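In case you want the letters, here they are:
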Amino acid sequence: MKLKSAILFVLCLYACCCNAQKYACFDSEFVLSSVPDYKQAQQRLDQYAIDWQKELEAKQQELESLRNAFQQEAYLLPENLKRRRLEDLRSKEEEVKNLQRERFGVGGDLDKKRAELIKPVQDRVYNALQRIATEKGYAFIFDKAGNSSLAYVNPKYDVSSQVLEMLGVTGASAQGDKADSGKDTGGKSSPKVSSKDGGDKNSPRETKQGAGASRMKR
């Protein structure tokens with residue numbers, strides 16, 4: 001009986017400690033889309049993606065033209081010339097694949113540019129959250145952007161506006177952006193960063209990264 005009583009006491013003490021912890025939330029999509037530096041960085045990243053997509057499409061068109069020309073002429077070509085043309089086609093195909101990996105593959109140019117342009121803003125947001133958590137004594141700060149597991153959040157526990165204040169974004173402009181947005185976030189709305197995806201996870205058509213692109217990832 002004494003052992004059971006001791007276990008029960010420990011469980012009650014743990015529950016009390018858990019209940020004493022303070023929690024808050026913020027909306028990463030709203031915060032990032034309200035920061036001018038982030039908007040500018042996203043626009044630059046989008047332009048890089050568009051330019052590289054055009055470059056890739058030009059290479060693909062060259063390859064397609066060579067392939068069509070070979071198919072039309074193959075039956076007239078001697079075997080040695082036919083083999084040479086096939087080798088040229090395979091070399092061109094490999095060139096196009098390498099360019100796609102180089103520009104849009106994992107760890108490629110687009111990922112590097114995203115880290116160069118977007119991550120510094122994300123780091124500033126994270127540092128602001130860390131300061132708020134330390135000053136207010138929050139054990140956890142949840143990101144409610146796109147979080148389907150959070151059915152309801154009391155607005156008084158949303159620290160998004162405090163994050164923006166620490167980042168130097170004026171309250172007036174932040175509230176105006178939130179009022180004009182189309183996303184419902186516990187009584188307040190926030191804009192969503194648009195996205196375009198060609199279907200493949202490494203697709204070169206991913207010219208818009210949602211705060212994703214851009215949600216806070218650490």
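To keep things clear, this report deals only with the structure shown in the data block. (Residues numbered from 1 in each chain as written. Predicted model: local features only at pLDDT ≥ 70, side-chain atom pairs only at ≥ 80, totals over all residues. Heavy atoms only, no water.)

This part is about the overall build of the chain. Secondary structure assignment for the chain yields 9 helices and 4 strands. Ordered by position from N to C terminus, the α and β elements of the chain give α-β-α-α-α-α-α-β-α-α-β-β-α. With 218 residues in all, the chain has 33% of them scored as buried. When the accessible surface of the chain is summed, it comes to about 13700 Å², and 53% of that surface belongs to carbon and sulfur atoms. (Helix = DSSP H or I, 4+ residues; strand = E, 2+ residues; numbered from the N terminus. Buried < 20%, exposed > 50% of the residue type's maximum accessible area, 1.4 Å probe, protein only. Areas by Shrake-Rupley, 256 points an atom, 1.4 Å probe, with all protein chains shown as cover.)

For the structure on display, the rule yields 4 aromatic pairs. Arranged with centres 6.2 Å apart and planes meeting at 20°, the rings of F140 and F142 form a pair that is stacked. The partly exposed category is assigned to F142, whose relative accessible area is 38%. One cation-aromatic arrangement involves K22 over Y138; the distance from NZ or CZ to the ring centre is 5.2 Å. (Phe/Tyr/Trp six-rings, centres within 6.5 Å; stacked < 30°, edge-to-face > 60°. Lys NZ or Arg CZ within 6 Å of the ring centre and 35° of its normal.)

Moving on to the side chain of K92. Assignment of secondary structure puts K92 in helix 4 (residues 79-104). Separated by 2.8 Å, the side chains of K92 and E62 make a polar contact. Not counting residues within four places of it along the chain, the set of residues in contact with K92 comprises K59, E62, L63 and L66. (Polar contact = N/O pair within 3.5 Å; in protein donor to acceptor, adjacent residues only side chain to side chain. Contact = heavy atoms within 4.5 Å.)

Structurally, the position occupied by C25 is in strand 1 (residues 22-26). Looking at C25, the relative accessible area reads 4%, which means it is buried. Taking the C-alpha atoms as reference points, C25 and S160, separated by 135 residues in sequence, lie 7.6 Å from one another. Apart from the residues lying within four places of it in its own chain, the contact partners of C25 are I141, F142, K144, V153, Y157, D158, V159 and S160.

This brings us to the nonpolar core. Core analysis: the largest hydrophobic core is formed by 35 residues, its most contacted members being V31, V35, V125, V159, V163 and L167. Of all the elements in the fold, those that place two or more residues in this core are strand 1, helix 2 (28-34), helix 3 (36-73), helix 4, helix 5 (109-117), helix 6 (119-136) and helix 7 (160-166). It is helix 3 that contributes the most residues to this core, 8 residues altogether. Once residues within four sequence positions are removed from consideration, L167 is found in contact with V31, V35, R124 and V125. (Core = buried A, V, L, I, M, F, W, Y, C linked by side-chain atoms within 4.5 Å.)

If you walk through the whole model with that rule in mind, you get 16 salt bridges. A salt bridge links K113 to E116; the shortest N-O distance between them is 3.3 Å. Placement of the pair is K113 and E116 together in helix 5, with a separation of 3 residues, close to one helical turn. By relative accessible area, K113 is classed as buried at 17%. By relative accessible area, which is 46% here, E116 ends up partly exposed. Ionic contacts of the salt-bridge type, sharing partners, join the residues K59, E62, K92 and E95 into one network. (Salt bridge = Lys/Arg side-chain N within 4 Å of Asp/Glu carboxyl O.)

Residues Y23, F140 and F142 make up a contiguous nonpolar surface patch of roughly 290 Å² in combined accessible area. If you trace the backbone, Y23 turns up in strand 1. Using a relative accessible area of 36% as the deciding quantity, one classes Y23 as partly exposed. (Patch = residues over 30% accessible without salt bridge, like charges linked within 9 Å, V, L, I, M, F, W, Y side chains within 5 Å.)

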